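Understanding the architecture of this molecule
One-letter residues, chain by chain:
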Amino acid sequence: MSTQTGPAPGTTSPGPVPVPGPRGLPLLGNLPQFGKNPLAFFELLRGHGDLVRWRFGRNRCLFVSDPDHIGELLTETERTFDQPRLGIAFRTVMGDGIIVARGREWRRKRSLVQPSVRPKQVKSYAATMAASAVELADSWSDGERVDIKREMAALTQRIAVRTIFGVDTPADSEAMGRAMDVAQAEIGKEFAGIGALLPDWVPTPGRARIRKAAAVIDAEVARVVARHRDGETERPDLLSRLLTAVDESGERLSDEEIRDETVTLYIGGHETTSSTLVWAWYLLSRNPRVRTALTEELDRVLGDREPGIDDYAQLPYTQAVVKETLRLYPTIWLITGVAKEGARLGGMPVEEGTRVWSSQWSTHRDPRWFPEPEEFRPERWDPEEGDEIAEYAWFPFGGGPRVCLGTRFAMVEAVLILAVLARRFSLDVDPGTVEPVPSLTLQPDRDVLATVRMR
Ligand code: HEM
């Protein structure tokens, strides 16, 4: 399928030629189609070819589906592709945090934040992750009805608050949790909708809500940072690590930067993982064979005990369940870049200013890279007997210099939570299809209700 071919054999190839996408409106381009259902629109674009031209309002865009082109886009970020400027909702909440920053400022932040999420540090957060999951398991009883969306959000929120801020009591985290929920919802609306196209000065009710939420977050984080500086908290939390991090010139992060980075880690890290878990429970419920294979592994490796970080490597099937969930329901479903001078895709020059889009949702469901793409088959991740998976055909955590900083954190968290809960319980999600709604993350379109069954 894909792109038209270049010149005759023997001549120098200028690279692939983009094919036109679906017809758009004179001023709006393809905006209405995107706005109505971005996931369906991306699949429509993929149907046109691997490199497709389209218009987001007046903006010239390309949509890439081929893993080679996706790899070029991701690995060239910060060189020949820029991250697009994020909208006002992101900036109000995350300030100049690492996700918003670009260029030199981003490099400095990345070098300061990265050490706090290295595997060695994640190992120290793993006990909190498992203990928080055990608390939840202890609170469930046989036959209980639960809303999985709410339960997973509360659990990952508790883990985020404990591992990032080192605080524990509900009083510490409740106000912040509520403000973060409002902030996340508004960022999600802006991310998936046309809000980002409105100039920053246009007042909207959503923008007012997010400013109010950001004020609460500022006050709460300032309180926690002050307590850390006073030495009241001695936990090995992320915040403590950021407070002592130094950059190349020996400089520490200012209080404002600490606020921006901790809030960024919180927003970047908690809803992404909780949505992944909701989809995992949904898929496990609809695939009894996979559920049996998962519990067989948990029984064999753990027996009667709770899991810890040392079990992570011994649970390859549980890891594969998470990877396969992220393939079918990639919680981050879209990555874009803006071409700078010298940008190329497959050897083809890309005009400066062109916005290049890729979507995990559509590439992860492409039968060329994943045979029987609709099937939930964790076995495809088996290193010996699984499928051969092309590099960048699966990119739930992005790739290249701006690859997700929390990849290890998220994988360990999701695997430990699944292990704790699935070892003790089956979660039977009520019948019916749950559809994904693209917001900041890929959200279920409704509450996901389930019955807890003791195993
Ligand atoms: C299943 C869970 C997660 C998924 C699917 C996910 C996905 C992603 C993706 C796709 C990006 C790159 C975005 C882009 O290039 O535009 C990203 C960046 C990032 N993620 Fe995650 N993430 C997850 C969990 C986490 C966690 C737990 C943390 C923190 C503890 C985190 C922190 C970050 C940060 C700081 C960045 C920005 C990196 C940079 O710009 O240099 N993420 N994430």
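See above for the structure.
My aim in this report is to walk through the structure given alongside it, one point at a time. Predicted model, so just to flag it, every value in this text is computed and none were measured. (Residues numbered from 1 in each chain as written. Predicted model: local features only at pLDDT ≥ 70, side-chain atom pairs only at ≥ 80, totals over all residues. Heavy atoms only, no water.)

**Things to note about the site of the ligand**
- Within the structure, the ligand sits among 23 residues, and Gln83, Trp106, Arg110, Arg402 and Cys404 are positioned closest to it.
- Looking at the shell around the ligand, the elements that each hand over two or more residues are α5 (103-113), α11 (255-286) and α15 (407-424).
- A per-element tally of the shell around the ligand places α11 first, with 6 residues.
- Here the shell around the ligand is built from residues that sort into 12 nonpolar, 9 polar and 2 charged. (Near = heavy atom within 4 Å. Helix = DSSP H or I, 4+ residues; strand = E, 2+ residues; numbered from the N terminus. Nonpolar A, V, L, I, M, F, W, Y, C, P; charged D, E, K, R; others polar.)

**Quick notes on unusual backbone geometry**
- In this model, glutamate 78 sits at a positive phi of 75 degrees, which is unusual for a non-glycine residue.
- Among the secondary structure elements, glutamate 78 is positioned in the loop between α3 (67-75) and β4 (81-82).

**Let's talk about the pattern of salt bridges**
- Per the counting criterion, the structure on display carries 35 salt bridges.
- Here arginine 453 and aspartate 428 are joined by a salt bridge, their closest N and O atoms 3.6 Å apart. On the criterion of sequence distance, the pair formed by arginine 453 in strand β13 (residues 449-454) and aspartate 428 in strand β10 (residues 425-429) is long-range, its members being 25 residues apart.
- Taking the relative accessible area as the measure of exposure, arginine 453 reaches 39% and is therefore partly exposed.
- One salt-bridge network, held together by shared partners, links Glu324, Arg327, Glu372, Glu375, Arg377, Arg380 and Asp387. (Salt bridge = Lys/Arg side-chain N within 4 Å of Asp/Glu carboxyl O. Buried < 20%, exposed > 50% of the residue type's maximum accessible area, 1.4 Å probe, protein only.)

**Re the sheet that holds β10**
- On the basis of which strands lie adjacent, the open sheet formed by 3 strands has the order β5-β13-β10 and antiparallel pairing. Here the strands that pair on one side only, and so sit at the sheet edges, are β5 (145-147) and β10. Taken pair by pair, the neighbouring strands of this sheet meet at an average axis angle of 35 degrees, ignoring direction.
- As defined by bridge partners, β5 adjoins β13 across 3 bridges and the pair is classed as antiparallel. Across the sheet, residue aspartate 147 finds its bridge partner in β13, namely leucine 449.
- The strands touched by α15 within the sheet are β10 and β13, with β10 carrying the most contacts at an inclination of about 90 degrees. (Pairing = 2+ DSSP bridges. Axes fitted to C-alpha atoms, helices over the stretch in contact; angles between N-to-C directions. Contact = heavy atoms within 4.5 Å.)

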